[in-house]
Amino acid sequence: MKKNKGKVNTTEKEFVFGFRAGRNDCVLKVPLQFPVQENVSDLHGRLMLLHKIPCFVENELRSTLSMFIESETIQDYDREAELALQRLTTGEVDINQLTNTWAKTYSETTLEHARPEEPSWDEDFADVYHELIHSPASDTLLNLEHNYFVSVSELISERDMELKKLQERQATEMDKVMQELGKTMTDQDVNAVASQHFDAQQVLENKWANELKQVTHIQKQEYQEWVIKLHQDMQNPNNSTINEEIKVQPSQLTEESEPGVRLYEEQRQLEESFTIHLGAQLKTMHNLRLVRADVLDFCKHRRHGSRGTKLRRLQTALSLYSSSLCGLVLLVDNRVNSYSGIKRDFATVSKECTDFHFPRLEEQLEVVQQVMLYARSQTSKHKDQPGESVPRNGSSCEDKNQNVEKNSSNILPGEFYISRHSNLSEVHIVFHLCVDDNVRSGNITAREPAIMGLRNILKVCCTHDVTNITIPLLLVHDMSEEMTIPWCLRRAELVFKCVKGFMMEMASWDGGISRTVQFLVPQSISEEMFYQLSNMLPQIFRVSSTLTLTSKR
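Going by an unreviewed UniProt entry, the chain carries the name FERRY endosomal RAB5 effector complex subunit 3 and comes from Oncorhynchus mykiss.

Here's what the structure looks like:
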């Protein structure tokens, strides 16, 4: 027995295991560090692999190793207990200090002695809002939210108009400078003018960004205070001013809309709905929808209410704090920000209406970045520890790890992060799924990271009460030249079959809860292609006799 120096008092003991292989008597001797920190099953597997132990003694080795570790550990604990009692009887330890430490530890780790949790403002506000939105005051809440939305939209329109005027003025000035290039102007003069234009544009954008941030902050504070006050007044049955408070301002969220808006609304979307039953023994009913629309149409609010707009907003508000949440899969690149592409468009939409319940999108992305950096650092520490086993697909994992090490703030294809929203039209949760250019090729398989990411998203939906999820069927938001009809049919068949398999797994994840899965195809896809996909869906999912078809043209 040998004791090692260090912060942790460890003891080295020799494990001896004898077995007979044919006519030979074999003995295995392995030094072990106590207390044993690793899992016994992992240790047993390494011993079998490193020392080439015959498989017919595998069970005997496991039981002998477990008994040895258990008995030696108990002996060490008994030995330490005896030494502690000796120090106590000889007066080396202060009894009063020891009892105080025990009492403090017990009170901190025992639930009945724990301090009650302080009430959270967010939780209190959520309870109040959930109660009001299911009361006669729901219409008032929606009207107030819409009035705030209109004021922010007007402010954004002013910003866009001012930026447009600045850009036009700068373009005219640059044209004049380019005409004088080589005469009275040099390249350095042109660069100086371009730099001035860029600085002026940045100053103007920052000015409007700060003003929008301040306005939304004031709106959120006023809204929450008004909701709390309204709830308190409604608790008092003798309050005669409650009817006046519920009226607030007249609603601008009417069912009448401008002719152009209504025409766009009716032409933009094609939709077909199906009802299916999945399951081996206990079948669960699910609703499937194939929709042709722009992905951001599920997020945008409209200033002039169109057909069904008020109902959609009411449904989204009613289910905000419920077990029937709505989710959307948004395909993004590997950078956690909102500076380019679909991420920037989504961020613009989310800023059009104040979020009265959750932090702003930028604040949520900052939290995601911090969590991701911490996770990467922990992964690096775990990888640097000695004795780690080599993964089966070692080459691919090494390539991914190298990419992560280049920039630990980036995510890998197939990984996703989540943002929460109360200010979107039909969505509460957005799954930002990272994809690469490989999804545009025609040779992806069911093991593609994007496909596995969809599986993980569906699993999160099952564990977090997301009963309505919208998935981009072709794993792209925009069509390109290489995406021919055969390409679309192959991709749709792959995603249909994979999602069907994932939905079959849902029964083991959530016990078989009915869900709605929307398959979204880009707006630019033709009607002929859309109906080919709608014919493929019931063949793959084996649609039941209960079938509902709707089309919006």
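A few words on the side chain of E271. The residue E271 is located in strand β4 (residues 270–278) in this model. A distance of 3.5 Å separates the side chain of E271 from the side chain of S273, its partner in a polar contact. Engagement of the side chain of E271 in a polar contact is seen with the side chain of R289, the distance being 2.7 Å.

In this section: the pattern of salt bridges. Inspection of every chain in the model, using the stated rule, returns 19 salt bridges. In this structure, the salt-bridge partner of K13 is E72, at a minimum N-O distance of 2.7 Å. Taken together, the residues K13 in strand β2 (residues 10–21) and E72 in helix α2 (residues 58–89) connect sequence positions 59 residues apart. With relative accessibility at 16%, the residue E72 sits in the buried group. Residue E505 is joined to R455 by a salt bridge in which the shortest nitrogen-to-oxygen separation is 3.0 Å. Of the two residues, E505 sits in helix α14 (residues 485–510) while R455 sits in helix α13 (residues 449–463), which places them 50 residues apart along the sequence. Judged by its relative accessible area of 27%, E505 is partly exposed. When salt bridges with common partners are traced through the structure, they connect K13, E72, D76 and R79 into a single cluster.

A word on the pairing of strand β8 (residues 429–434). The element β8 is extensively covered by neighbouring structure, given that 6 of its 6 residues are classed as buried. Going residue by residue along β8, you find I429, F431 and L433 tucked away on one face and V430, H432 and C434 tucked away on the opposite face as well. Strand direction decides the pairing type here: strand β6 (residues 325–332) and β8, joined by 6 bridges, are parallel. Its bridge partner being in β8, L331 is matched across the sheet by L433. Examined bridge by bridge, strand β7 (residues 416–420) and β8 share 5 bridges and lie antiparallel to one another. Counted as the bridge partner of Y417 is H432 from β8.

Next up on the list: the packing of α13 against α14. Interaxial distance between α13 and α14 falls to 10 Å at its minimum, and their mutual angle equals 30 degrees. Regarding the angle of α13 to α14, the classification is roughly parallel. When you trace α13 past α14, the crossing you get is right-handed. Of α14, the residues touching α13 (which contributes I451, R455, L458, K459 and C462) are V495, C498, V499, F502, E505, M506, W509 and D510. Across the contact of α13 with α14, the residue classes tally to 9 nonpolar, no polar and 4 charged.

Next up on the list: the layout of surface pockets. Think of a ball as big as a water molecule: rolled over the atoms, this probe shows where empty space is left. Roughly 1,300 Å³ of internal volume is contained in the largest pocket. What lines the largest pocket is a set of 40 residues, among which A209, A347, K351, R360 and E362 lie closest to the centre. Broken down by secondary-structure element, the contributors of at least two residues to the lining of the largest pocket are α5 (138–179), α6 (187–234), α10 (341–351) and α11 (361–384). Each residue belonging to the lining of the largest pocket can be placed in one class, and the counts come to 12 nonpolar, 15 polar and 13 charged.

Two numbers describe a pair of aromatic rings. These are the distance of the centres and the angle of the planes. Applying the stated criterion to the full structure yields 13 aromatic pairs. Measuring from ring centre to ring centre gives 5.0 Å for F496 and F519, while their planes differ by 85 degrees; the resulting arrangement is edge-to-face. Here F496 is found in helix α14, whereas its partner F519 is found in strand β10 (residues 516–521), with 23 residues between them in sequence. The two residues F496 and F519 agree in class, both being buried. Taken together, the aromatic side chains of F125, Y129, Y148, Y223, Y321 and F356 make up a single cluster linked through ring pairs.

Let us look at unusual backbone geometry. Of note, the amide linkage connecting F34 to P35 takes the cis form, showing an omega dihedral of 0 degrees. Turning to its location among the elements, P35 is positioned in the loop between β3 (24–34) and α1 (40–50).

It is worth spelling out empty space enclosed by the protein at this point. Per the counting criterion, the structure on display carries 6 cavities of 30 Å³ or more. A volume near 160 Å³ is recorded for the largest cavity. Lining the largest cavity we find 17 residues, and of these Y129, E145, A317, S422 and N423 sit closest to its centre. Residue assignment for the lining of the largest cavity shows that the elements contributing at least two residues are α5 and α9 (309–318). The dominant element in the lining of the largest cavity, judged by the number of residues it contributes, is α9, at 3 residues. Taken together, the residues of the lining of the largest cavity break down into 7 nonpolar, 8 polar and 2 charged.

Conventions we followed
Residues numbered from 1 in each chain as written. Predicted model: local features only at pLDDT ≥ 70, side-chain atom pairs only at ≥ 80, totals over all residues. Heavy atoms only, no water. Helix = DSSP H or I, 4+ residues; strand = E, 2+ residues; numbered from the N terminus. Polar contact = N/O pair within 3.5 Å; in protein donor to acceptor, adjacent residues only side chain to side chain. Salt bridge = Lys/Arg side-chain N within 4 Å of Asp/Glu carboxyl O. Buried < 20%, exposed > 50% of the residue type's maximum accessible area, 1.4 Å probe, protein only. Pairing = 2+ DSSP bridges. Axes fitted to C-alpha atoms, helices over the stretch in contact; angles between N-to-C directions. Parallel < 35°, antiparallel > 145°, perpendicular 65-115°, else oblique. Left-handed = near helix turned anticlockwise from the far one by under 90°. Contact = heavy atoms within 4.5 Å. Nonpolar A, V, L, I, M, F, W, Y, C, P; charged D, E, K, R; others polar. 1 Å grid on protein atoms, 1.4 Å probe; cavity = no way out; pocket = protein on both sides within 12 Å on 5 of 7 lines; lining within 4 Å. Points joined across faces, edges and corners; volume = space filled by probe spheres on them. Phe/Tyr/Trp six-rings, centres within 6.5 Å; stacked < 30°, edge-to-face > 60°.

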